[in-house]
Every structure is written in structure tokens, then in C-alpha cells.
Amino acid sequence: MRILRLGAALAFAATIGTRAIAQPMDPAMGMAEEHHDHPAPEHLGAVTFPTSCRPEVSASFNRAVALLHSFAYADAEKAFAGVAARDPNCAIAHWGLAMTHYHQLWEAPAGDQLREGAAQARQAVEIGGGTPRERAFIAALAQYYAGADADAASATERAERYSHAMADLARRDPADSEAQIFYALSLIATAPPTDRSHANQKRAIAILEPIYRDQPQHPGLAHYLIHACDSAELAEHGLPAARAYSKIAPSAPHALHMPSHIFTRLGLWDDSIASNIAARAAARAQGDVGEELHAMDYLTYAYLQRGRYQEAVSVVVALKGMAGLNAAQFKVGYAATAMPVRMAIEQRDWDAAARLEPLPGTSPQVAAIVYWARALGHARATLPTAADGDIGQLQACVEALRAKGDLYWAAQSHVMLLEAQGWRSAAQGDSVTAIARLKAAADEEDAFEKLPVTPGPIVPAREQLGELLLRLNQPDQALQAFKVALTAAPRRRGGLVGAIAAAEGLGDTHTVVELRPLLQ
């Protein structure tokens, strides 16, 4: 850890202006304080966003935008607020404040976050002034917040409006790199999860890569290239950006974590472990509980794939010592829920899975993970009727998500419902129905991309299908299912172990020799 931080400091001692000495990191990984006095990050990359505000706030504004590009939203909000306080006529500072409430690749703002973002956007419009360019940025963001207070449009519709406005801005001034970068981010944010051609992501890559060649120290460019390439199809293309981002902005915990999105897609587990150890420590030092948990979830996942079970256990034990978590916040609730579920399911500890409980205040899509795990725990322990209650709870989650129009998570929860039903049927001896359910689950899951906040499903549906087929003494079909699963999720331990077992059952020594080293 010390080597990483020292290397980052030496490599980037000559980057952007505002510098602060990082506080020593507490080696303990307990609960971070909600309020903290750590200095702002000091190595954030290089951003130049010209404004008409007072010259003395220029460096502070650039720093705030750099924080924004690394999704350091809380620190960015403080930085933009500082600019606004020093220059009350700086309308674009209120644009920045409104942007800190619009987390484009995470959950849409709601409640107080939505109201505060809308208020800041209105204040930017009311202050007016500035340059035509600044007014265009403000007007584009106002498109997102327009009608938000009255729920006149869905978050998806508002995001599309903002993206169209940013497209116009980028088209009018192709030399404005910040306009191009924020437009590319909006394309990634509005990419349909069912578009497996990744059209929006490829458009974003085409915009970002030429600018990245000219501005290799810009944090948003490497960051958004990673997000654009966060798919099985494009992950290899995103590897150079993944290798670079943590060095561009090493003081931003999210920048230390983000490379692991690509590492996870490619099965580079040791790289993912190193990335998330660094991100976890930095987030802990800065009091960023959501980012700490996000890194811990990815770290748990990577440890499990490497077979480093005791280290994975230690992360989950540390999680249990983190009191007062706000599980209603999706980023917090998902990670805190997924980690113990991963431990139980990946280790085939069916009794532990059956004992899991949803955290108070979790959303239906997060609670569904627990009901799925409990249903599998009962069914895989050959207690099929004991799974009925949890399957009913899963069905209720699906219906609740459909009722509120959350089609993505309704679909993901439905996949889990089909899986749970399939394993119950298998426990009841109905192999035909079990296979049909898991095949349907795999087909549904394959139709969607994952969201940025998750490493992927706890266990891919097609990998589960392979495991079922192997149990039913159908090694040829099982091997086919495992191979498809490994194409989408390379080097997943369960997929490799299953494929090797199926190949051994078929006497396919070539496949065994090919795959066994990947477990090392």
C-alpha cells in the first residue's frame, strides 16, 4: 500500500495545482465516521474548464470539476460551494453544485438530493450572466431538473433530455473538450441495458479517445473510457485506461477502484484485489462509506474467485463491525447485502445462505438477493418446500419493482426468481422443469448488461445451468453451458471448476489441461 501511494506521489508530483499532504491511513478497517476533517484529495489529474468567474477562483473551480469527474461528489459539492461563496455572481458554480446531485451512472437522485439539485440549477439560471458557453452548460442541466419537483417526467426521460442538450452543445463547439467529455458521459448514462451492441458506449469511446491522446492526465477521460468498456465485448479495449486511471487521480478512492471494473470483466483477479485494497483504504481515510463498501464488495468477489477464502471472510467480518449503515442508499445497501450472500453461495454453505436476513430499509432489488440466497440454501439442502416462502418474497419483489416502473431491476429479480424455482424443482426431482427454468433465467440474464455498481450477478445463471446439468449427469451439455458462462465472465472459479469436472466426465483431457492452470 505504501509503495503504491509513494509511487503515485512521485509520478504525479508535477500535475495540477492544488496539493495537500494526504493523512496517514488508519490500517483498521472499521466503520468510518460520517463527518470527517480530512483534507481534500491532492492528486486529481489535470482539468481546465474556463469560466468568466473571478480569476482567483479559477484553480478552485478546476479542482471541483476534477473531483466531479472522479465521482467524488461530496468533496466536489464542498469545492463548488466554496467557489460560489467567494464569487456570488459565478453562476456556473451552481451548475457544478447541481451536477454533484446528478449521479449519472448510479441511482437517480430522489427526495432531498433531487430537490437540492433542482434548486441549484434554478439558482444558476437566475444568476445568469457568464459566457454563452456557461449558459449553455447551465441550460443543458436545467433540462434534467425541469419538472423533477413535480415528478412530471421519469428519471430516464430527464436523462435523455439532458443528453440531447449536451449533444447540441458538443456539436456547436467541437473544440470544447469539457462539452465533449460530459456529452460522452451522458451517452454512457443513457445506454439501454438491453442493447448488447453497445452503440452508445462505442459512440462515447469515439469521442473520448482522441481527447485522451491530447489530455492523458484528464481524470474524466480514463474514468469514462473504463465505464464505456465495462462489458465482455469491450473490456480488453478498456484495459489501457484501467491501467492509467489510478495513476492519474490516486487521491480519489473511486479512481483507485474503477480499474477493477475492467479487471473483473477480464478475470484479472490479482489486479482487482490490489485495486480494491487501495480504494478501500483511501475511502476509509476520507470517510467515504459508500465507496469503501463498494470496494469491499469487489474485493470480496475477487478473493473468492482466487480461492482466498479466509481473506474474503475477513472483509465480511469487517463489514459486520460497521454499525449504522444506511441500507436505503442503494450503493451501501447493495454492497452490504451482497458480500455475505457471495460468501455463502460461492462456498456452497447452504445453511448459512438459508439464515441470511435483509438489512432494514433495503430496496426490493437488494432484498431480492437475500430471498434468492435463502431459497437456494433451502433447495440445495434438499428442503424444497422450505424455499416456498422465499420464492413468494422474490415474486413480491418482482411485482413491486414492476409497479414502480423499474424494469431493469424487475428483470434482474425475475432472473433470480426463475433460478430459485429451478433449484426447487431439482430438489423435488423434476429435472425437466429445473432445466427449463434455469435455461430461461440464463437467456433473460444474457439480454441485459450489469449496472456499474455491481461486479455482476452473484452467480451467473448459465453457470448455475451448467452445475445443474453436471449434477444430472449431462456433462456434454454442462460443458457447453460452462464455456458460454466463461465467455461472459472469464476465469470465474465456479465456471472453471464446473467446466473441468464436465470435461473430465467426457474424457476431454485437452479442455482439462487448458483450463486447470487458470485456477492457479
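Quantities reported herein were computed from a predicted structural model and do not represent experimental measurements.

Observations regarding the layout of surface pockets
- By volume, the second largest pocket is sized at about 680 Å³.
- Considering the residues around the second largest pocket, the lining is formed by 36 residues, among which Glu-445, Lys-450, Gly-456, Pro-457 and Pro-460 are closest to the centre.
- Within the residue set of the lining of the second largest pocket, elements represented by two or more residues are α13 (259–266), α19 (364–380), α21 (407–427), α22 (431–446) and α24 (475–488).
- Take the lining of the second largest pocket: its biggest share by element is 6 residues, from α21.
- Its residues assigned to classes, the lining of the second largest pocket comprises 22 nonpolar, 5 polar and 9 charged.

With respect to helix α2 (residues 58–69)
- Taking 1.5 Å as the rise per residue, α2 with 12 residues should run 16 Å; its terminal C-alpha atoms sit 17 Å apart, in good agreement.
- Burial analysis of α2 places 9 of its 12 residues in the buried class, the great majority of the element.
- Every buried residue of α2 is listed here: Phe-61, Asn-62, Arg-63, Ala-64, Val-65, Ala-66, Leu-67, Leu-68 and His-69.
- Buried residues along α2 sit against α3 (73–86), α4 (91–99), α8 (177–189), α10 (219–228) and α11 (239–248).
- Count one or two residues on from α2 and you reach Phe-71, which has phi positive near 55°.

Let's talk about the nonpolar core
- Ranked by size, the top nonpolar core spans 84 residues in total, and within it Ile-92, Trp-95, Phe-137, Leu-141, Tyr-145, Tyr-162 and Phe-182 carry the most contacts.
- The element that contributes the greatest number of residues to this core is α8, accounting for 8 residues.
- Counting 56 residues, the second-largest nonpolar core is a separate cluster that includes Ala-344, Tyr-371, Trp-372 and Val-398.

Some details on empty space enclosed by the protein
- Applying the stated criterion to the full structure yields 2 cavities of 30 Å³ or more.
- Within this model, the largest cavity holds a volume of roughly 50 Å³.
- In terms of lining residues, the largest cavity is bounded by Ile-345, Arg-348, Trp-350, Trp-372, Leu-376, Arg-380, Trp-423, Val-459, Gln-464 and Glu-467.
- Broken down by secondary-structure element, the contributors of at least two residues to the lining of the largest cavity are α19 and α23 (461–471).
- Considering every element that reaches the lining of the largest cavity, the biggest residue donor is α19, with 3 residues.
- Across the lining of the largest cavity, the residue classes tally to 6 nonpolar, 1 polar and 3 charged.
- The wall of the second largest cavity is formed by Leu-68, Phe-71, Tyr-73, Met-99, Tyr-102, Gln-104, Phe-182, Leu-185 and Tyr-224.
- A class-by-class count of the residues in the lining of the second largest cavity yields 8 nonpolar, 1 polar and no charged.

Focus: the packing of α21 against α23
- Orientation of α21 relative to α23, taken along the N-to-C sense of each, is 10°, at an axis distance of 11 Å. Judged by the angle between their axes, α21 and α23 are roughly parallel. Along its contact with α21, which presents Val-415, Glu-419, Trp-423 and Ala-426, the element α23 presents Ala-461, Gln-464, Glu-467, Leu-468 and Arg-471.
- Tallied by class, residues from the contact of α21 with α23 come to 5 nonpolar, 1 polar and 3 charged.

Looking at the packing of aromatic side chains
- Evaluated as defined, the whole model comprises 20 aromatic pairs.
- Aromatic side chains Tyr-102 and Tyr-162 sit 5.6 Å apart centroid to centroid with 85° between the ring planes, which places their arrangement in the edge-to-face category. A residue pair is termed long-range when its members are at least 10 positions apart, and Tyr-102 in the loop between α4 and α5 (111–127) and Tyr-162 in helix α7 (residues 155–172) qualify at 60 residues. In terms of burial, Tyr-102 and Tyr-162 fall into one category: buried.

Examining the packing of α2 against α8
- Running from N to C, α2 and α8 cross one another at 25°; their axes reach a closest spacing of 13 Å. Classified by the angle their axes make, α2 and α8 are roughly parallel. Both α2 and α8 take part in a crossing whose hand is left-handed. Residues Val-65, Leu-68 and His-69 of α2 pack against Glu-178, Ile-181 and Phe-182 of α8.
- Taken together, the residues of the contact of α2 with α8 sort by class into 4 nonpolar, 1 polar and 1 charged.

Concerning the state of the cysteines
- Summed over all chains, the structure comprises 1 disulfide.
- One disulfide bridge connects Cys-53 with Cys-90, the sulfur atoms lying 2.0 Å from each other. The disulfide joining Cys-53 to Cys-90 has a torsion of about 75° about its S-S bond and is therefore right-handed. Pair noted here: Cys-53 is in the loop between α1 (2–11) and α2 and Cys-90 is in the loop between α3 and α4, with a separation of 37 residues, a long-range link. Of the two residues examined, Cys-53 and Cys-90, each falls in the buried class.

Things to note about unusual backbone geometry
- Positive phi, close to 60°, is recorded for Asn-473, a residue that is not glycine.
- Its location among the elements puts Asn-473 in the loop between α23 and α24.
- A positive phi angle, near 65°, is found at Arg-491, a position not held by glycine.
- Residue position: Arg-491 is located in the loop between α24 and α25 (493–506).
- Here Arg-491 falls in the partly exposed class, since its relative accessible area comes to 36%.

Quick look at the side chain of Thr-190
- If you trace the backbone, Thr-190 turns up in the loop between α8 and α9 (199–214).
- Given the relative accessible area of 12%, Thr-190 is considered buried.
- Side chain to side chain, Thr-190 and Asn-200 meet in a polar contact 3.4 Å long.
- Once residues lying within four places of it in the same chain are set aside, the contact partners of Thr-190 are Ala-159, Glu-160, Ser-163 and Asn-200.

So, the confidence of the model for the protein
- Scored by pLDDT, the protein comes out at a mean of 90, with 91% of its residues at no less than 70.
- When pLDDT is averaged over each helix and strand of the protein, the minimum, 36, is found for α1 and the maximum, 98, for α23.
- Contacts of residues 1–38 to residues separated by more than four positions or lying in other chains number 67 contacts, the stretch itself having pLDDT below 50.

A short note on the pattern of salt bridges
- Tallying each qualifying case throughout the model produces 24 salt bridges.
- Residue Glu-233 is joined to Lys-202 by a salt bridge in which the shortest nitrogen-to-oxygen separation is 2.8 Å. Linking Glu-233 in the loop between α10 and α11 with Lys-202 in helix α9, this pair joins segments that are 31 residues apart in sequence.
- Given the relative accessible area of 44%, Glu-233 is considered partly exposed.
- Looking at Lys-202, the relative accessible area reads 36%, which means it is partly exposed.
- Across the salt bridge formed by Arg-342 and Asp-297, the nearest N and O atoms sit 2.8 Å from each other. A residue pair is termed long-range when its members are at least 10 positions apart, and Arg-342 in helix α17 (residues 330–346) and Asp-297 in helix α15 (residues 289–305) qualify at 45 residues.
- Each of Arg-196, Asp-230, Arg-265, Glu-449 and Lys-450 takes part in one network of salt bridges that share partners.

Conventions adopted
- Here the residue index of a chain counts from 1 through its sequence in written order.
- Thresholds applied to this predicted model are a pLDDT of at least 70 for local features of residues and 80 or more for the giving and counting of side-chain atom pairs; totals over whole chains, interfaces and linings are not thresholded and use all residues.
- Derived side-chain values reflect all non-hydrogen atoms in the structure, with water molecules and hydrogen atoms excluded from consideration.
- Any residue with an atom within 4 Å of a point lines the site, the site being either a cavity, points on a 1 Å grid over the protein atoms alone where a 1.4 Å probe fits but cannot get out, or a pocket, an open set with protein on both sides within 12 Å along at least 5 of 7 lines.
- Grid points are joined across faces, edges and corners, and a volume is the space filled by probe spheres set on the points.
- The helix count covers DSSP runs of H or I at least four residues long, the strand count covers runs of E at least two residues long, and both are numbered beginning at the N terminus.
- Lys, Arg, Asp and Glu make up the charged group, whereas Ala, Val, Leu, Ile, Met, Phe, Trp, Tyr, Cys and Pro make up the nonpolar group; the residues left over, Gly among them, are polar.
- Multiplying 1.5 Å by the helix residue count minus one yields the expected span of that helix.
- Relative accessibility decides the category of a residue: with a 1.4 Å probe and only protein chains considered, values under 20% of the type maximum give buried, values over 50% give exposed, and everything between is partly exposed.
- Whether two residues are in contact is decided by their heavy atoms, any of which lying within 4.5 Å being enough.
- Here the nonpolar core consists of buried residues drawn from Ala, Val, Leu, Ile, Met, Phe, Trp, Tyr and Cys, with membership extended through side-chain atoms lying within 4.5 Å.
- The axes are straight lines fitted to the C-alpha atoms, using for helices just the contacting stretch, and the angles between their N-to-C directions are given from 0 to 180°.
- Orientation categories follow fixed angle ranges, with anything under 35 degrees roughly parallel, anything over 145 roughly antiparallel, 65 to 115 roughly perpendicular, and all other angles oblique.
- Stacked, tilted and edge-to-face are the three classes applied to pairs of Phe, Tyr and Trp rings, where Trp contributes its six-membered ring and a pair requires centres within 6.5 Å; stacked means planes under 30 degrees apart, edge-to-face means over 60, and tilted covers the rest.
- Crossing handedness follows the turn of the near helix against the far one: under a right angle anticlockwise gives a left-handed crossing, and clockwise gives a right-handed one.
- The disulfide definition used here is simple: a pair of cysteine sulfur atoms within 2.5 Å.
- Under this definition, polar contacts are N or O atom pairs within 3.5 Å; protein pairs additionally need one hydrogen-donor-capable and one acceptor-capable atom, and for neighbouring residues in sequence, both atoms have to be side-chain atoms.
- For every residue, the predictor reports its confidence as pLDDT, a number between 0 and 100.
- One side-chain nitrogen of Lys or Arg within 4 Å of one carboxyl oxygen of Asp or Glu is enough to make a salt bridge.

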